[in-house]
Amino acid sequence: MLTRRRFKQTKTLTERLADEAKRCREEARALSPGRRREMLLRRARQDETAMQIEAWLRSPGLRAPT
């Protein structure tokens, strides 16, 4: 049976998404207009949307009734 490689994340999901979005935007800024640049900008927007969704899901207004 195969064993899974597990490790603890050192950064939160929000921090990792923010770092990735920043990296994509910086890389896109250095490129001329084209497919690669648009792909990087799209990825940055997706990361930012994921951060907003993650914050929404963690908001105290969405707790299950007790």
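Here the residue index of a chain counts from 1 through its sequence in written order. Restriction of local features to residues with pLDDT of at least 70 applies here, the model being predicted, together with a cutoff of 80 or more for giving and counting side-chain atom pairs; totals for whole chains, interfaces and linings are based on all residues. To get the side-chain values, take all heavy atoms of the structure and skip hydrogens and water.

### Brief notes about the side chain of Glu54
Worth spelling out the cut-off: Secondary structure elements follow DSSP: runs of H or I no shorter than four residues count as helices, runs of E no shorter than two count as strands, and numbering proceeds from the N terminus. With a 1.4 Å probe rolled over the protein chains alone, any residue whose accessible area is under 20% of its type maximum counts as buried; one over 50% counts as exposed, and the rest are partly exposed. Between N or O atoms, a polar contact is any pair within 3.5 Å; within protein, one atom must be a potential hydrogen donor and the other a potential acceptor, and residues adjacent in sequence are included only when both atoms are from side chains. Whether two residues are in contact is decided by their heavy atoms, any of which lying within 4.5 Å being enough.
Here Glu54 shows up in helix H2 (residues 35-58). Owing to a relative accessible area of 12%, Glu54 belongs among the buried residues under this scheme. A distance of 2.7 Å separates the side chain of Glu54 from the side chain of Thr14, its partner in a polar contact. Setting aside chain neighbours within four positions, we find Glu54 in contact with Leu13 and Thr14.

### So, H2
To keep it simple, the criterion reads: Here the expected length of a helix is defined as 1.5 Å per residue gap, with one fewer gap than residues.
Taking 1.5 Å of rise per residue, the 24 residues of H2 would be expected to cover 34 Å, and the 35 Å separating its terminal C-alpha atoms lies within 8% of that figure. Leu40, Leu41, Ala44, Asp47, Met51 and Glu54 are the residues of H2 that are buried. Here the buried face of H2 lies against helix H1 (13-30).

### So, the packing of H1 against H2
We count it as follows: In this analysis, axes come from line fits to C-alpha atoms, helices being fitted only over the stretch in contact, and the angle between any two N-to-C directions falls in the range 0 to 180 degrees. By the definition adopted for this analysis, an angle is roughly parallel if under 35 degrees, roughly antiparallel if over 145, roughly perpendicular if from 65 to 115, and oblique otherwise. Each crossing gets its handedness from the near helix: less than a right angle anticlockwise from the far helix is left-handed, clockwise is right-handed. When residues are sorted by character, Ala, Val, Leu, Ile, Met, Phe, Trp, Tyr, Cys and Pro go into the nonpolar class, Asp, Glu, Lys and Arg into the charged class, and all the rest, Gly among them, into the polar class.
Between H1 and H2, the shortest axis-to-axis distance is 8 Å and the interhelical angle comes to 160°. Regarding the angle of H1 to H2, the classification is roughly antiparallel. Regarding H1 and H2, the two cross each other, and that crossing is left-handed. For the pair formed by H1 and H2, the contact residues are Leu13, Thr14, Leu17, Ala18, Glu20, Ala21, Cys24, Arg25, Glu27 and Ala28 on the first element and Arg36, Arg37, Leu40, Leu41, Arg43, Ala44, Arg45, Asp47, Glu48, Ala50, Met51 and Glu54 on the second. For the contact of H1 with H2, a count of residues per class yields eleven nonpolar, one polar and ten charged.

### Looking at the nonpolar core
Applicable threshold: Side-chain atoms within 4.5 Å link the members of a nonpolar core, which is a set of buried Ala, Val, Leu, Ile, Met, Phe, Trp, Tyr and Cys residues.
Listed in full, the six residues of the largest apolar core are Ala21, Cys24, Ala28, Leu40, Leu41 and Ala44. Put simply, the parts of the chain that give this core at least two residues each are H1 and H2. Residues in contact with Leu40, not counting those within four places in the same chain, are Cys24, Glu27, Ala28 and Leu31.

### Observations concerning the environment of Glu48
In this structure, Glu48 sits in helix H2. By relative accessible area, Glu48 is classed as partly exposed at 27%. Setting aside residues no more than four positions away along its own chain, Glu48 makes contact with Ala21 and Arg25.

All quantities given are derived from atomic positions and should not be read as evidence of function.
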